[in-house]
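Here is how the chains run, residue by residue.
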Amino acid sequence: MEPTSAPPDPTTVKGGERVEGERGGGGGSSSTTTTSYQHHAPATTTTPPPPLSRYESQKRRDWNTFLQYLKNHKPPLTLGRCSGAHVIEFLKYLDQFGKTKVHATGCPYFGHPSPPAPCACPLRQAWGSLDALIGRLRAAYEENGGRPESNPFGARAVRIYLREVREGQAKARGIPYEKKKRKRPSADGGGGGGDSGSSSSRVGSGRTTNVVTSAVASTTV
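Fair warning: this is a prediction, and the values are worked out from it, not measured in the lab.

Novice: Just checking my understanding: could you explain the nonpolar core for this structure?
Specialist: It is characteristic of soluble globular proteins that their nonpolar side chains tend to be buried jointly. Counting 24 residues, the largest nonpolar core has F66, F90, L91 and F153 as the members making the most contacts within it. For this core, the elements supplying multiple residues, two or more each, are α1 (54-72), α2 (84-94), α3 (127-143) and α4 (156-173). Once residues within four sequence positions are removed from consideration, F66 is found in contact with L79, C82, V87, F90, L137 and F153.

Below, the structure is given as structure tokens:
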């Protein structure tokens with residue numbers, strides 16, 4: 001007597017899916033329930049970079065403006081061929097966008113800090129604005145791969161030009177530019193050593209304006 005085979009298990013697993021109620025036979029209806037096993041990778045979140053500070057944003061705009069100036073220069077200049085003389089040309093070019101009144105020598109208001117009436121003297125970039133601009137461009141040059149020893153914004157000719165602008169504007173506008181003096185402690189620790197306080201310098205019209213704007217960047221030289 002041959003042993004009888006066991007009936008097939010109604011629950012089988014095929015290809016990672018559990019199939020229930022699958023039966024053979026003809027004409028009969030079957031009920032199938034499929035359960036899928038899916039593995040989801042954990043969702044990754046990307047943190048956006050922090051926003052740039054006001055100084056960094058201004059430095060980037062100034063740098064892009066200077067590169068555009070070199071591109072529009074006749075003949076066009078490359079950054080590697082840029083010298084301190086080209087930087088001075090750039091500063092003089094920015095004077096047309098200045099907002100600081102600088103009196104000419106023959107103006108009756110020459111040396112007058114508060115003119116009582118308007119005059120025909122041209123507007124210029126304030127010395128403080130140019131000085132701050134050169135500082136940002138000098139840093140941007142080295143951040144973009146430039147070598148400190150060949151930095152045109154730190155050239156001696158640029159420093160001399162800025163000093164001449166400061167002195168010229170001080171005479172024309174009657175506003176002295178004085179460096180702040182640090183208080184020195186007295187040897188005996190007592191007071192009465194005279195007035196050693198710091199004297200504040202007045203730059204331009206009392207505020208340093210941004211000398212580079214998006215309009216300047218798109219201006220053809």
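Novice: Whenever I open this one, the pattern of salt bridges confuses me. Can you help?
Specialist: For side chains bearing opposite charge, pairing can occur when the charged atoms are close. One pass over the full model with this rule turns up 4 salt bridges. A salt bridge links E56 to K59; the shortest N-O distance between them is 3.1 Å. Taken together, the residues E56 and K59, both in helix α1 and 3 residues apart, mark about one turn of the helix. A relative accessible area of 29% means that E56 is categorised as partly exposed. Here R147 ties to E149 by a salt bridge, and the two come within 3.8 Å at their closest N and O atoms. No difference in accessibility class separates R147 from E149, as the two residues are exposed.

Novice: Before we go on, may I ask you to explain the packing of α1 against α2 in this structure?
Specialist: Think of two packed helices as two axes; the pair is described by the angle between the axes and how far apart they sit. Where α1 contacts α2, the axes come no closer than 11 Å and their chain directions differ by 105 degrees. Comparing the axis directions of α1 and α2 gives the class roughly perpendicular. Every residue of α2 that contacts α1 at T65, F66 and Y69 is listed here: H86, V87, E89, F90 and Y93. Here the residues of the contact of α1 with α2 sort into 5 nonpolar, 2 polar and 1 charged.

Novice: Would you mind showing me how to read the confidence of the model for the protein chain here?
Specialist: When pLDDT drops low, the exact placement of atoms in the prediction is not to be read closely. Averaged over all residues, the pLDDT of the protein chain equals 74, while 59% of them reach at least 70. Looking across the protein chain, the model is least confident in helix α5 (residues 214-217), with a mean pLDDT of 43, and most confident in α3, with 96. In this model residues 21-32 is a low-confidence stretch, pLDDT under 50, and it forms 10 contacts with partners more than four residues away in sequence or in other chains. Per-residue pLDDT stays below 50 along residues 187-221; that stretch engages in 49 contacts with residues further than four places along the chain or on separate chains.

Novice: For this particular structure, what's the right way to read a positive patch on the surface?
Specialist: On the surface, R138, R156, R159 and R163 cluster together to form a positively charged patch. Looking at which element gives the most residues to the positive patch, the answer is α4, with 3 residues. Along the chain, R163 turns up in helix α4. Judged by relative accessible area, which is 40%, R163 ranks as partly exposed.

Rules behind the numbers
- Residues numbered from 1 in each chain as written.
- Predicted model: local features only at pLDDT ≥ 70, side-chain atom pairs only at ≥ 80, totals over all residues.
- Heavy atoms only, no water.
- Core = buried A, V, L, I, M, F, W, Y, C linked by side-chain atoms within 4.5 Å.
- Buried < 20%, exposed > 50% of the residue type's maximum accessible area, 1.4 Å probe, protein only.
- Helix = DSSP H or I, 4+ residues; strand = E, 2+ residues; numbered from the N terminus.
- Contact = heavy atoms within 4.5 Å.
- Salt bridge = Lys/Arg side-chain N within 4 Å of Asp/Glu carboxyl O.
- Axes fitted to C-alpha atoms, helices over the stretch in contact; angles between N-to-C directions.
- Parallel < 35°, antiparallel > 145°, perpendicular 65-115°, else oblique.
- Nonpolar A, V, L, I, M, F, W, Y, C, P; charged D, E, K, R; others polar.
- pLDDT = per-residue confidence, 0-100.
- Patch = residues over 30% accessible without salt bridge, like charges linked within 9 Å, V, L, I, M, F, W, Y side chains within 5 Å.
- Areas by Shrake-Rupley, 256 points an atom, 1.4 Å probe, with all protein chains shown as cover.
- Lys, Arg positive; Asp, Glu negative; His and termini not counted.
- Charge placed at Lys NZ, Arg CZ, Asp CG, Glu CD.

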